[in-house]
Amino acid sequence: MKYELLKSQKEFLEVPHDLEMDVCVYQGGFGSGKTWAGSLLGLLLALKFPGITGLVGAQTYSLVRDTTLLSYFEHLENFGMKPGKDYFYNKSTQKLEFKNNSKILFRHFDEPNKLKSLNLGFVEIEEMSDIPYETFKMLLGRMRQHISPGWKGFKYRVFGHTNPETRKGWIYKTFVTSKLPNFRFIQAPSTENIHLPRAFLENMKNLYDENYYKMNVLGQFDDSSDNLVVKNFTTENIREIRYRSEFPLHITCDFNVDPMCWILAYKDSERAYFFDEIILENSTTVQTCEEFGRRYGKHRGKIIINGDASGDNRSCTSEYTNYILMKRCLSNLGFRQVDIEIRGFNPPIRNRISAFNCHVKSQNGERRLFVDPKCEKLLYNINNLKYREGSSMLDLPGYYKLRQNQELKFLGHPFDAASYLVEYYFPIV
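Everything numeric in this text was worked out from a predicted model, so none of it was measured. (Residues numbered from 1 in each chain as written. Predicted model: local features only at pLDDT ≥ 70, side-chain atom pairs only at ≥ 80, totals over all residues. Heavy atoms only, no water.)

S.K.: Give me the packing of aromatic side chains: which residues, what numbers.
M.R.: Enumeration according to the criterion identifies 29 aromatic pairs in this entry. With centroids separated by 6.1 Å and ring planes inclined at 35°, the aromatic side chains of Tyr243 and Phe275 adopt a geometry described as tilted. One end of the pair, Tyr243, is in the loop between α7 (210-216) and β9 (249-254); the other, Phe275, is in strand β11 (residues 272-280), and 32 residues separate them in sequence. You can call Tyr243 partly exposed: its relative accessible area is 30%. Ring centres 4.9 Å apart and planes at 55° place the aromatic pair Tyr243 and Tyr296 in the tilted group. One end of the pair, Tyr243, is in the loop between α7 and β9; the other, Tyr296, is in helix α8 (residues 285-296), with 53 residues separating them in the sequence. Members of the aromatic cluster, joined through ring pairs, are Tyr243, Phe247, Tyr266, Phe275, Phe292, Tyr296 and Phe335. Taking the ring centre of Tyr425 as reference, the NZ or CZ of Lys267 above it sits at 4.6 Å. Looking at Lys377, its charged tip hangs above the ring of Phe410, at a distance of 4.7 Å from the centre. (Phe/Tyr/Trp six-rings, centres within 6.5 Å; stacked < 30°, edge-to-face > 60°. Helix = DSSP H or I, 4+ residues; strand = E, 2+ residues; numbered from the N terminus. Buried < 20%, exposed > 50% of the residue type's maximum accessible area, 1.4 Å probe, protein only. Lys NZ or Arg CZ within 6 Å of the ring centre and 35° of its normal.)

S.K.: Kindly report on the environment of Thr53, identifying the contributing residues and their values.
M.R.: Along the chain, Thr53 turns up in strand β2 (residues 53-58). Once the C-alpha coordinates of Thr53 and Leu13 are considered, the two residues, 40 residues apart in sequence, prove to be 18 Å apart. Those residues in contact with Thr53, other than ones at most four positions away along the chain, are Lys103, Leu105, Asn119, Leu120, Gly121, Phe122 and Gln145. A distance of 3.4 Å separates a polar atom in the side chain of Thr53 from a polar atom in the side chain of Lys103. (Contact = heavy atoms within 4.5 Å. Polar contact = N/O pair within 3.5 Å; in protein donor to acceptor, adjacent residues only side chain to side chain.)

S.K.: Describe the state of the cysteines, and please don't skip the residues or the numbers.
M.R.: Counted according to the given criterion, the structure contains zero disulfides. With no disulfide partner, Cys329 has as its closest neighbouring cysteine sulfur the one in Cys289, 4.5 Å distant. Assessed through its relative accessible area of 12%, Cys329 is described here as buried. (Disulfide = S-S within 2.5 Å.)

Here's what the structure looks like:
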């Protein structure tokens, strides 16, 4: 099968310098061919240099297994290579071996100390922005495999592919501002990929908010002047939302003893309306259900419970116990139509943030998320929840800050509760 490379993919595969090691990151939007190009490069290195050892990894192994490894198998099939004849994959050791004695190891980077004994010829990093800078530096130190005399033109290769960092973190500082001669940064927008359907690109433009579109379609860094998590929220997103007893009512939950955070909402096929919040200090699931009953005991419509798939493990037995307990408590209070709709596991927080922002304001200016002024703690989160400087991590208060200001304990949990609902019904696809 003949491949037609995009301009950025060709630039990614070729090395324009004579230095001993090449370090490159391919940053692009959705559908820009990042993973496809990375696995192609890894396979070409394994075939060109007999006996080479490569490492392919991500912060979590599920990402390696479900994304990168499948891309390798796709290339192998396209090359006409047969399993058991041209290559061998050992599922228990997560190792891909070839007839020329080259091998590729597939690993996660969650425990980087377990990788320190490896001597490698190349490393491929999936979702490079997810790994810590210290892990990246450790991987650079693994580039020490003995160079075979037959490896003409060989260079150690460390290459990664990623969506842009939420904030300008270590990738920006290392590859854009440092200007090291063998560190290359390639930016590839989704729009460069001529093979993508036009409807795919138009759909992203209609659904995504301005910052999300800029990062995950155009492949650009976030240049906004503040660290706020929620972008483009204005008074246009604030409105008084009338309570309707006959409407399906959603309770979306973040379980904590202090504070317990439940946000009440309506939704239609496109929009989410947050009209009240139940946020109690030093409370339990039963006590919070009773407070709901005092406020909305005459509700006639269905009640749908959404929220945290895991709950707070320090204070809750399990997510199953909490949600079943909620359903039983509400039933005892006289509510007969109570359903539970939650994910089997929580998505990454950046997925929730992206879905929330896309509903606050899409790329085409449409607002599909509205908050009643009664939701004071949720609005406090929207206006104050920030990222840590130079990081994609949320800047949540630690023990000492909480001792100095107890109000800070309301930062994070109300947003979590609301964003669980938005991501569940309106995920970024």
